[in-house]
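Structural overview for review
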Amino acid sequence: MIVLEAEPLKKAALQRAQERLAALEEAAPGIYAEPRQYSGISPSAARVLFFCPRLAWLERRHQKSFATEHGVYKMELGHVIHQALQERLGGTAELRVERRLKDVTIVGVADLVFDEDCRDRRLCGSVVEIKTGRPSPADVLQLSLYAAMLNKGKAYLLRVREEDGVFVGTLERVQPQPREAARWLKRYARVVASQTPPPPGRPCSSCVFKKLCARLLSAPLV
Ligand code: SF4
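Quick caveat, the model's predicted, so the values are computed rather than measured. (Residues numbered from 1 in each chain as written. Predicted model: local features only at pLDDT ≥ 70, side-chain atom pairs only at ≥ 80, totals over all residues.)

A rise of 1.5 Å per residue sets the reference length of helix α5 (residues 138-150), with its 13 residues, at 18 Å; its end C-alpha atoms lie 18 Å apart and thus fit the reference within 8%. The buried fraction of α5 is high, at 11 of 13 residues. Along α5, the residues classified as buried are Ala-138, Val-140, Leu-141, Gln-142, Leu-143, Ser-144, Leu-145, Tyr-146, Ala-147, Ala-148 and Met-149. Where α5 ends, the next residue or the one after it, Asn-151, has phi of about 55°, a positive value. (Helix = DSSP H or I, 4+ residues; strand = E, 2+ residues; numbered from the N terminus. Expected span 1.5 Å × (residues − 1). Buried ≥ 20, exposed ≤ 12 C-beta atoms within 10 Å, placed from the backbone.)

Structure below.
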């Protein structure tokens, strides 16, 4: 179990989120757009499939990723937690990785990567995916992709929750699922290549992105 004091990290994340929000385009009320940084498929973009295939399609078509204000804060909180964990555990935080797997270029940023020779023996030679949100089926698939891209035999999910003023991280060893991850990527590639928007993945009436989707679906695509 790994324990980090929460308040300084939350304060730093809030500051970073405010700065980032000020620089982002507000694509619809309360929804912020950031230009995509990579031309290949990124595991984090493919995660959007689990939320809604139509949103994944719109993100790809517009070459942007969309997030609520809270989503931007959560991303920045993830960033400061990655840095704090690197200081605590060693390894390399937020390592950019690009690999061609099964005719697809995958580009992403691995949360924490450890060499064979590292501070904590159990982590040596592993890749760690850090999650602060609700568990998703994409968690293991995303980690599996990074394990394949980095050629790592050991993979961990580190789930971080807030409890009584601290962040508590729990490590869970995961068996990578490269075949499932490849299937997920293929599905993503098929969805984003479609000429027409795929069906929504949930009821639009209660979705935070409904104004964005309504606006984009009647706007010309870039
Ligand atoms: S509004 Fe509908 S189509 Fe858009 S992201 Fe939400 S569920 Fe998907």
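Let us now look at the sheet that holds strand β1 (residues 2-5). Spatial strand order, β1-β9-β8-β7-β6-β5: 6 strands in an open sheet with mixed pairing. The open sheet is flanked by β1 and β5 (92-101), the only strands paired with a single partner. Neighbour-to-neighbour, the strand axes of the sheet open up by a mean angle of 35°, direction not taken into account. Here 9 bridges tie β5 to strand β6 (residues 104-113), and the two strands are oriented antiparallel to one another. Bridge pairing links Glu-98 to Val-107 in β6. In the packing of α5 onto the sheet, contacts are made with β5, β6, β7 (126-131), β8 (154-163) and β9 (166-174), and the angle to β7 comes to roughly 150°. (Pairing = 2+ DSSP bridges. Axes fitted to C-alpha atoms, helices over the stretch in contact; angles between N-to-C directions. Contact = placed C-beta atoms within 7 Å.)

Averaged over all residues, the pLDDT of the chain is 92; the fraction at 70 or higher stands at 98%. Here helix α2 (residues 43-51) stands out as the element of the chain with the lowest mean pLDDT, 90, in contrast to helix α1 (residues 6-23), whose mean of 96 is the highest. (pLDDT = per-residue confidence, 0-100.)

Moving on, we come to the site of the ligand. The ligand sits among Cys-52, Arg-54, Leu-55, Pro-200, Gly-201, Arg-202, Cys-204, Cys-207, Phe-209, Lys-210 and Cys-213. Among the elements of the structure, α3 (53-62) and α7 (210-217) are those that each provide at least two residues to the shell around the ligand. In the shell around the ligand, the residues fall into 7 nonpolar, 1 polar and 3 charged. (Near = placed C-beta within 6 Å. Nonpolar A, V, L, I, M, F, W, Y, C, P; charged D, E, K, R; others polar.)

Now for unusual backbone geometry. Backbone geometry places Glu-94, a non-glycine residue, at a positive phi of 55°. Along the chain, Glu-94 falls in strand β5. When the 14 C-beta atoms within 10 Å are taken as the criterion, Glu-94 is described as partly exposed. Here Asn-151, not a glycine, exhibits a phi torsion of approximately 55°, which is positive.

On to the sheet that holds strand β4 (residues 64-68), then. Taken in spatial order, the 3 strands line up as β2-β3-β4 in an open sheet, and their pairing is antiparallel. Edge positions in the sheet fall to β2 (25-28) and β4, since each of these pairs with one other strand and no more. Looking at each pair of strands side by side, their axes are set apart by 40° on average, direction ignored. Pairing analysis gives 5 bridges linking strand β3 (residues 31-35) to β4, with the strands arranged antiparallel.

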